[in-house]
Amino acid sequence: MRILLYSGKGGVGKTSIAAATGVQLARRGYKTLVMSVDPAHSLADSFDLGGQLFHGATGEPTSVADRLWIQEVNIQREIKRHWQAISGYITSLLRTTGLGDVEAEEMAIFPGMEELSALMYVNQYRKTAEFDVVVLDCAPTAESLRFVSLPTTLDWYMKHVFSWERKLLKAIRPLANRLAPVEMPPEKYFDNVQDLFGKIEGIDTILEDSSITSVRLVTNAEKMVLRETQRAFVYFSLHGLTVDQVVVNRLFPADVQDAFFDNWRVTQGAVLAEIEAYFAPIPVSRVPLFRSEVLGFERLGILADTLYANGEDPALVTRTDRPYSFVRNDGQYQVRMHLPFAEKGEIGLFKKDDELVVEIGTLRRHIGLPTSMSQLIPSGARMDGDILVVEMRSA
Ligand SMILES: Nc1ncnc2c1ncn2[C@@H]1O[C@H](COP(=O)(O)OP(=O)(O)O)[C@@H](O)[C@H]1O
Ligand SMILES: [Mg+2]
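All figures in this text were calculated on a predicted structure; none of them were measured in a lab.

## Things to note about the overall build of the protein chain
- Within the protein chain, the regular secondary structure consists of twelve helices and 15 strands.
- Taking 395 residues into account, the globule formula puts the C-alpha radius of gyration at 21 Å, and the protein chain, at 23 Å, falls close to it.
- Taken across its 395 residues, the protein chain has 34% of its residues classed as buried.

## Side note on the site of ligand 1
- Inspection of the region around ligand 1 gives 17 residues, with Gly13, Lys14, Thr15, Ser16 and Phe290 positioned closest.
- For the shell around ligand 1, the element with the highest residue contribution is helix 1 (residues 14–27), accounting for three residues.

## Focus on the environment of Ala277
- Examined against the element boundaries, Ala277 turns out to sit in helix 11 (residues 262–279).
- According to the C-beta neighbour criterion, Ala277 is exposed, with 12 such atoms within 10 Å.

## Some points on the packing of helix 1 against helix 12 (residues 296–307)
- Across the interface, helix 1 lies against helix 12 with an axial gap of 8 Å and an inter-helix angle of 85°. The orientation of helix 1 with respect to helix 12, classified from their angle, is roughly perpendicular. Contacts between helix 1 and helix 12 pair Ser16, Ile17, Ala19, Ala20, Thr21, Val23 and Gln24 from the former with Phe297, Leu300, Gly301, Leu303, Ala304 and Leu307 from the latter.
- When the residues that make up the contact of helix 1 with helix 12 are grouped by side-chain class, the tally is nine nonpolar, four polar and no charged.

## Considering the sheet that holds strand 5 (residues 133–137)
- The eight strands are arranged 3-4-2-5-1-6-7-8 in an open sheet whose pairing can be described as mixed. Taken across any chain shown, the strands that pair with only one partner, and hence form the sheet edges, are strand 3 (62–65) and strand 8 (284–288). Ignoring strand direction, the axes of neighbouring strands in this sheet form an average angle of 25°.
- Set on the sheet, helix 11 makes contact with strand 6 (213–220), strand 7 (243–251) and strand 8; between it and strand 7 the angle comes to about 175°.

## Points about the domain arrangement of the protein chain
- Structurally, the protein chain comprises domain 1 (2–94 + 107–152 + 202–307) and domain 2 (324–394).
- The straight-line distance from the C-alpha centre of domain 1 to that of domain 2 is 30 Å.
- Facing the seven residues of domain 1 at the interface are six residues of domain 2.
- Here the side of domain 1 that touches domain 2 gets five residues from one element, more than from any other, and that element is helix 10 (residues 223–238).
- Counted by class, the side of domain 1 that touches domain 2 contains three nonpolar, three polar and one charged residues.

## A few points about the sheet that holds strand 14 (residues 376–384)
- Spatially, 9-10-15-14 is the arrangement adopted by the four strands of the open sheet, whose pairing is antiparallel. One side of each edge strand has no neighbouring strand; the edge strands of this open sheet are strand 9 (324–329) and strand 14. Neighbour to neighbour, the strand axes of the sheet diverge by 25° on average, direction disregarded.
- Summarising the sheet, strand 14 and strand 15 (residues 387–394) pair through eight bridges and their orientation is antiparallel.

## Focus: the environment of Glu78
- For Glu78, the position within the fold is in helix 3 (residues 75–82).
- Accessibility expressed as a C-beta count within 10 Å gives 20 for Glu78, which makes it buried.
- With 35 residues separating them along the chain, Glu78 and Met113 place their C-alpha atoms 8.9 Å apart.
- Ignoring any residue separated from it by four or fewer positions in sequence, one finds Glu78 in contact with Val73, Trp83 and Ser117.

## Brief notes about the environment of Ser394
- In this fold, Ser394 is placed in strand 15.
- In the structure, Ser394 is positioned 18 residues away from Leu376 in sequence and 4.6 Å away in space, judged by C-alpha atoms.
- Setting aside anything within four residues of it in sequence, one finds Ser394 in contact with Gln375 and Leu376.

## Considering helix 4 (residues 84–96)
- Between its terminal C-alpha atoms helix 4 stretches 18 Å, which fits the 18 Å expected from 13 residues at 1.5 Å a residue.
- Ile86, Ser87, Tyr89 and Leu94 are the residues of helix 4 that are buried. With its buried residues spanning 155° around the axis, helix 4 presents them on a single face.
- Trailing helix 4 by a residue or two, Gly98 shows a phi angle of about 95°, which is positive.

## So, the nonpolar core
- Formed by 73 residues in total, the largest nonpolar core has its most connected members in Tyr6, Met35, Val134, Val135 and Leu136.
- By size, the runner-up hydrophobic cluster in this structure holds ten residues, among which are Leu356, Leu369, Val390 and Met392.

## Brief notes about the pairing of strand 11 (residues 347–352)
- Here strand 11 pairs with strand 12 (residues 355–360) via six bridges, running antiparallel. In the sheet register, Leu349 faces strand 12, and the bridge partner there is Val358.
- With antiparallel pairing between neighbouring strands as the criterion, strand 11 and strand 12 make up a hairpin whose turn holds two residues, including Asp353 at a positive phi of roughly 50°.

## A few points about unusual backbone geometry
- Ala280 connects to Pro281 through a cis peptide bond whose omega is 5°.
- Mapping Pro281 onto the fold places it in the loop between helix 11 and strand 8.
- Although it is not a glycine, Asp48 sits at a positive phi angle of roughly 55°.
- Looking at where Asp48 falls in the secondary structure, it is placed in the loop between helix 2 (43–46) and strand 3.

Rules used in this analysis
Residues numbered from 1 in each chain as written. Chains lettered and ligands numbered in written order. Predicted model: local features only at pLDDT ≥ 70, side-chain atom pairs only at ≥ 80, totals over all residues. Helix = DSSP H or I, 4+ residues; strand = E, 2+ residues; numbered from the N terminus. Rg over C-alpha atoms; globule rule 2.2 N^0.38 Å. Buried ≥ 20, exposed ≤ 12 C-beta atoms within 10 Å, placed from the backbone. Near = placed C-beta within 6 Å. Axes fitted to C-alpha atoms, helices over the stretch in contact; angles between N-to-C directions. Parallel < 35°, antiparallel > 145°, perpendicular 65-115°, else oblique. Contact = placed C-beta atoms within 7 Å. Nonpolar A, V, L, I, M, F, W, Y, C, P; charged D, E, K, R; others polar. Pairing = 2+ DSSP bridges. Domains from an automatic or database assignment. Expected span 1.5 Å × (residues − 1). Arc of directions from axis to C-beta. Core = buried A, V, L, I, M, F, W, Y, C linked by C-beta atoms within 7 Å.

Here you go:
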């Protein structure tokens, strides 16, 4: 099963691009599920399915065309199904603070629940092989990063905190329940956590496997949007995911001649050039601004015709190398960069704000550093096969 993850800033067109990609995949014969992980779902709206504003029908895979299903993870339903004990405990805690029942239940939805539920589905579909491709329409960047970092965080929690916490609580619960101002979590709370963890086991390996999971960044040709896209790129790389395409959406078509848009056209051109330079060799696709909203199956089909103008197969694995990765080796930090086209010659390295700039011949690459490495400076570099290894040390 292939997993295609669409991420980007709010409003850039993630849902439309993900839905159009679903349409293209189904046309090419793949059994495809487009799944929305954004709590503010708009997938059903994108397909113009109608229905009530807050309907729950798409909480399960819903067929929208031949070989094409959509699903909008419905958190209330997921809680009933998977989170009973956890949310029951949290709700009871919140009630002791004087919150009413309904509010307490609403508040017991904590950050990460949606993402975790979606991860459980992805894992389940992979095991049952119900679909050939799952297209993930993610929430805006910050939340989609939580989505990909959740497995590692949970793994850490389970290893370092969970079993210890559970043992400790078992010992002290009788006493603590008499003394503590709030009730300690019951055993079934821990069973529930363990059970949920079991349901996402292995998903981190799946997300990091570039022959299974590809990240596609959707952006607009605007400075502010580009900045967020660059950060997303750095952090997806940091988490070991492979970005294999950048989609620039809403470009003004050449036939927009109105003087009002003159400046917009100039800046879009400049930012587009910047995008191409920054993300090379990752392919950059362009999608024009359409005359009206992209709504419904037919119009999504037209968007797909534009995005995949030569009938491309969106499920094709085109990039298997991570553009770069950050490693820590014996307390030493390294930036490792795949440079298949690097020529022999002087390698220039310098820091610019929190970016590492690497120059090889005429090739220049800006690498945004993660916060934990942003204070370091490059101390040397060498080629290891076609990998450029940059050693970083404290300034
Ligand atoms: N290329 C485009 N031309 C015209 N309208 C677009 C285009 N891409 C997206 N839209 C419209 O912009 C709005 C926001 O797009 P959406 O896909 O929901 O963005 P996101 O999921 O990133 O928040 C929707 O109404 C959609 O129909
Ligand atoms: Mg959306």
